[in-house]
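Descriptive structure summary
Each chain, written out:
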Amino acid sequence: MRRPALTPRLQPFTSTIFAEMTALAVRTSAVNLGQGFPDTDGPASMLAEAQKAIASGINQYPPGPGRPELRQAIAEHRTRYGTQFDPDTEVLVTVGATEAIASALLGLVGPGDEVLLIEPYYDSYAACVALSGATRRVVPLAEDPVTGRFAPDIEAMRAAITPNTRLMLINTPHNPTGTVFTRAELTAIAELCVEHDLIAVTDEVYEDLIYDGLTHVPLGSLPGMAERTLTISSAGKMFNCTGWKIGWICGPAELVAAAKAAKQFLTFVGGAPFQPAIAHALRHEGPWVVGLRDQLQSKRDRLVEGLKEAGFGVRPSQGTYFVCADVRPLGFTDGFQLCRELPERIGVAAVPVQVFTDTPENWQHIVRFAFCKKDEVLDEAVARLHKLTPNPSN
């Protein structure tokens, strides 16, 4: 009997929930609040710089680590956190943050190593660990019984570390829950990394999209972490250009070199004319990003209020594009099944959080909605959600 074509380590990852729900949304003409991409463009000057770059012939392979002006702009941008990076050896431009994560894991871990993840996790994390040959160990976020906020469980993280643990992958602001880890929480995580001599890879793509006056604290800026942390971010969320796929890694030269060794055999390079445009935006469009943050906070509030009125149990969202909601007040128990039915039933697409976990039974009541859409799109989605009839069988 012929063995399956797909290697066993990738068999759990043949399709993403985003592809499935977006296909459902398209087929049913549903309002798509499942996939996190904005429906408006980024700053006009950034778009003009990309057009200028194309017209002036910046259309061939850029340097492997990224164009010098972008690496310099990234290094300058990180100084706002009090961190310093050499643009020549400590900054690597990648094809989005997803490739940055893959490159870091492929370059730093392998068979016999363990990688600590916090669930729910962005879906590429588990796939990248599998590609590396390492083993993932997962610790769930803890839900505050009073506020509903999801927070890292430091003692559970401590208990999950073994002699084989080599790397911890941290995401804040956190997708899918919208939680922003506090300085105290991150300090405790940093102390674990130092105590156990762990490498930290941090996904900080939503670093500028934090609400209610909260601030972002990069893990790599904390004591003992500069020499052991790869910090990953991207332009996609910061400047509403998710399709440009321009991301980056910053960190100590040795760790960046390890990620580069893997990255150069994945895509080699990408997005030549977009790189000078992002360099321009990093240097000149800070006020635009502040405006985006304020708009998204308003959109979050708009959707949260609509979800509450529709009967969902809404969890706090402190950042990102997303808000999570409990479906149990409406009489449902399986968020995955509900998300599969919503496009047909009422014309709205959402994403079940349980697919981002190793313990789906603990998360099946939570679904994620994206609010990075025009107000009229959010209003239409809310109007349709009000038509969702409570399930009388539960």
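Residues numbered from 1 in each chain as written. Predicted model: local features only at pLDDT ≥ 70, side-chain atom pairs only at ≥ 80, totals over all residues. Heavy atoms only, no water.

Roughly 1,100 Å³ of internal volume is contained in the largest pocket. If you go around the largest pocket, you meet 47 residues; those closest to its centre are Thr16, Phe18, Tyr122, Asp123 and Ser124. Within the residue set of the lining of the largest pocket, elements represented by two or more residues are helix H1 (17-28), helix H4 (96-108), helix H5 (123-132), helix H8 (235-238) and helix H12 (335-345). The dominant element in the lining of the largest pocket, judged by the number of residues it contributes, is H5, at seven residues. If you add up the space inside the second largest pocket, you get close to 310 Å³. Lining the second largest pocket are 22 residues, and of these Arg80, Glu207, Asp208, Val290 and Arg293 lie nearest its centre. Secondary structure elements with two or more residues in the lining of the second largest pocket: helix H10 (274-284) and helix H11 (286-310). Broken down by element, the residue count for the lining of the second largest pocket peaks at five residues, all from H11. Considering only residue class, the lining of the second largest pocket consists of ten nonpolar, six polar and six charged. (1 Å grid on protein atoms, 1.4 Å probe; cavity = no way out; pocket = protein on both sides within 12 Å on 5 of 7 lines; lining within 4 Å. Points joined across faces, edges and corners; volume = space filled by probe spheres on them. Helix = DSSP H or I, 4+ residues; strand = E, 2+ residues; numbered from the N terminus. Nonpolar A, V, L, I, M, F, W, Y, C, P; charged D, E, K, R; others polar.)

This part covers the UniProt feature "domain: Aminotransferase class I/classII large" (unreviewed entry) in the protein. Look at the UniProt record and you will see "domain: Aminotransferase class I/classII large" (unreviewed entry) annotated at residues 30-385. Here residues 30-385 is 39% helix and 17% strand, with 11 Å between the C-alpha atoms at its ends. (UniProt positions renumbered as here; feature names shortened; annotations may be inferred.)

What follows covers the side chain of Arg71. Inspection of the secondary structure assignment puts Arg71 in helix H3 (residues 68-78). Judged by its relative accessible area of 7%, Arg71 falls in the buried class. Ignoring anything within four residues of it in the chain, the contact list for Arg71 reads Pro65, Gly66, Pro87, Asp88, Val91 and Val93. (Buried < 20%, exposed > 50% of the residue type's maximum accessible area, 1.4 Å probe, protein only. Contact = heavy atoms within 4.5 Å.)

Pairing is mixed across the open sheet formed by seven strands, whose spatial order is E2-E10-E9-E8-E7-E3-E4. Edge positions in the open sheet fall to strand E2 (91-94) and strand E4 (135-140), since each of these has one partner strand only. Between one strand and the next, the sheet's axes are offset by a mean angle of 20°, whatever the strand orientation. Of the strands in this sheet, E2, strand E3 (114-119), strand E7 (165-171), strand E8 (199-203), strand E9 (229-234) and strand E10 (247-250) are in contact with H4, which crosses E9 at around 160°. (Pairing = 2+ DSSP bridges. Axes fitted to C-alpha atoms, helices over the stretch in contact; angles between N-to-C directions.)

With 13 residues, H4 should reach 18 Å at 1.5 Å per residue; the first-to-last C-alpha distance of 19 Å fits that figure. Counting buried positions over the 13 residues of H4 gives ten, a clear majority of the element. By the burial criterion, the buried members of H4 are Gly96, Ala97, Glu99, Ala100, Ile101, Ala102, Ser103, Ala104, Leu105 and Leu108. (Expected span 1.5 Å × (residues − 1).)

At a minimum axis distance of 8 Å, the contact between helix H2 (residues 44-55) and H10 shows a crossing angle of 150°. Taken together, H2 and H10 sit at an angle that is classed as roughly antiparallel. Crossing hand, H2 versus H10: right-handed. Two secondary-structure elements touch here, H2 through Ser45, Met46, Glu49, Ala50 and Ala53 and H10 through Phe274, Pro276, Ala277, Ile278, His280 and Ala281. Across the contact of H2 with H10, the residue classes tally to eight nonpolar, two polar and one charged. (Parallel < 35°, antiparallel > 145°, perpendicular 65-115°, else oblique. Left-handed = near helix turned anticlockwise from the far one by under 90°.)

Glancing now at the packing of aromatic side chains. Applying the stated rule across the entire model yields eleven aromatic pairs. Ring centres of Tyr206 and Tyr321 lie 5.3 Å apart, and the angle between their planes is 75°; on these two criteria the pair is classed as edge-to-face. Of this pair, Tyr206 sits in the loop between E8 and E9 while Tyr321 is found in the loop between strand E11 (313-314) and strand E12 (322-326), placing the two residues 115 residues apart along the sequence. Residue class for Tyr206 comes out buried when judged on its relative accessible area of 3%. Clustering of aromatic rings is evident, with ring pairs tying together Phe18, Tyr122, Tyr125 and Phe356. (Phe/Tyr/Trp six-rings, centres within 6.5 Å; stacked < 30°, edge-to-face > 60°.)

Time to look at the pattern of salt bridges. Scanning the model with the defined rule gives 27 salt bridges in all. For Glu69, the salt bridge identified is with Arg67, shortest N-O distance 2.8 Å. Among the residues examined, Glu69 registers a relative accessible area of 24% and is labelled partly exposed. When the shortest N-O distance is used, the salt bridge between Lys299 and Asp375 registers 3.0 Å. Here Asp375 lies in helix H13 (residues 375-385) and Lys299 lies in helix H11, a separation of 76 residues in the sequence. Judged by its relative accessible area of 13%, Lys299 falls in the buried class. Relative accessible area serves as the criterion here: at 28%, Asp375 is assigned to the partly exposed category. (Salt bridge = Lys/Arg side-chain N within 4 Å of Asp/Glu carboxyl O.)

A few words now on the sheet that holds E12. Spatially, four strands are ordered E11-E12-E15-E14 in an open sheet, and the strand pairing comes out antiparallel. The strands lining the two open edges of the sheet, one partner per strand, are E11 and strand E14 (351-352). Here E12 runs beside strand E15 (residues 366-370); their pairing, made up of five bridges, is antiparallel. If you follow Ala325 over to E15, its bridge partner there is Val367.

Counting buried positions along E9 yields six of six residues, so the element is predominantly enclosed. In E9, alternate side chains face the same way, and those of Thr229, Thr231 and Ser233 on one face and Leu230, Ile232 and Ser234 on the other are all buried. With four bridges connecting them, E8 and E9 associate as parallel partners. Within E9, the position partnered with Val201 by the bridge is Leu230. Both E9 and E10 contribute to a ladder of four bridges, which runs antiparallel. Its bridge partner lying in E10, Ile232 is registered against Ile249.

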